[in-house]
Amino acid sequence: MHDVKRRQLLQAAAAHGLTLGVAGATMSMSSPAMAQPLASVKWANLTPGFTILITEYVMAKGLDKKFGLDLGKPTSYTAVSTYYNDFVAGNFDVCMGSWDTFAARYLTGVPMQLVCAITTGNMINILTPKDGPKTIKEMEGKIFAAPQSTGTYRMTRAIIKELQGFDIEAQTKIQNVDNPAAAVTLVMANRAEAGLSWEPNISAALKRVPDMRVLYNAGEEYKKKTGLDLPFFGVAVKKDMLAKDPSLAKKIDDMFRECIRGITGNVDEAVKIGGSKSGIPADVLATSISSGRLQLKHISMSDEAGRKSVRTAAEFLARNKALPRTIDDGFFAS
């Protein structure tokens, strides 16, 4: 009897010990110390403007952490040229901007790659006052406010030159500005007969001066010609960051996909989140999206269809001397 009881006691103890061991292993695997560390990267935004909608939404929803990233608080810039130059200099790692600006830098040897596009060129518009030019050709000799340091300017010039046979640089009087909001401000102040900018600056100007007109939408005109969306805002990452962590491109790509899906799925919520710090009222952000001008669309460079859309646009720009040559596959992060 004593032997039977002893065996039963040992069996019970062994079973209890095994249970503790499994529980201990489970606790160990789920403990923060054993969790995969977050990839720490720096990013930035351009104020006032659309990029703040993205950064505020990501931070409010914790999307960086969800996809294994630690982005922290973005650095805010007001000058477009400084924004891009600081990215090239390595002052931050993830940059949202015009994909062709990234392409131009890449072609000069700057080590960066494009992860995805997040908007189409429908954002890019030329505004005129009520009594301003009625056609592109009527802009000849007129003062045209435009941010010449941007890829947006070069892209628009190429599109208009090929599709309209009009060279905005040679045939208008360019008033250079260093911020897209400044271009529409000059038009509203009657200091320019036309201005090149992008959403949400367009909707903000139309709210303040309802009789202003959209003279030209670059994305719409490009699609009529090619049948493809014109990629516009994209996300680029410095190549050294991608080399340190081969999974980083996918994490960033997935985060932006989820961000765009979330914003388009509940615009009212998103603009309340983003409008508080964007310098753009929530109703203006909502209008820019509902108008179809701020067309949010995630296009991954890990997909051949995404790469094709950028290659086609790059060939278009190279043909019109807006890029020195077209891009190669090394431009794409996948």
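Residues numbered from 1 in each chain as written. Predicted model: local features only at pLDDT ≥ 70, side-chain atom pairs only at ≥ 80, totals over all residues. Heavy atoms only, no water.

Student: Even after reading the chapter, I still don't get the pattern of salt bridges, so can you show me in this structure?
Tutor: Pairs can form between side chains of opposite charge once their charged atoms are near each other. Applying the stated criterion across every chain, the model contains 21 salt bridges. Between E269 and K61 there is a salt bridge whose closest N-O contact spans 2.8 Å. Remark: K61 occurs in helix α2 (residues 51-61) and E269 occurs in helix α13 (residues 267-278); sequence separation between them is 208 residues. Its relative accessible area of 29% is what places E269 among the partly exposed residues. E258 is the salt-bridge partner of K66, the closest N and O atoms lying 3.4 Å from each other. Pair noted here: K66 is in helix α3 (residues 63-66) and E258 is in helix α12 (residues 248-265), with a separation of 192 residues, a long-range link. With relative accessibility at 55%, the residue K66 sits in the exposed group. Each member of the salt-bridge network shares a partner with another, and the members are R157, K161, D167 and E169. (Salt bridge = Lys/Arg side-chain N within 4 Å of Asp/Glu carboxyl O. Helix = DSSP H or I, 4+ residues; strand = E, 2+ residues; numbered from the N terminus. Buried < 20%, exposed > 50% of the residue type's maximum accessible area, 1.4 Å probe, protein only.)

Student: Any chance you could explain the pairing of strand β7 (residues 124-128) here in plain terms?
Tutor: Within a regular beta strand, the side chains point alternately toward one face of the sheet and then the other, so they alternate between its two faces. Judged by how many residues are buried, β7 sits mostly within the fold: five of five residues are covered. Judged by which residues are buried, β7 turns out to be covered on both faces: I124, I126 and T128 on one side and N125 and L127 on the other are all buried. With four bridges joining them, β7 and strand β10 (residues 194-198) adopt antiparallel strand pairing. Of the residues in β10, the one forming a bridge with N125 is S197. Bridge analysis of β7 against strand β11 (residues 213-217) gives four bridges, and the strand direction is antiparallel. The partner of L127 across the bridge, within β11, is V214. (Pairing = 2+ DSSP bridges.)

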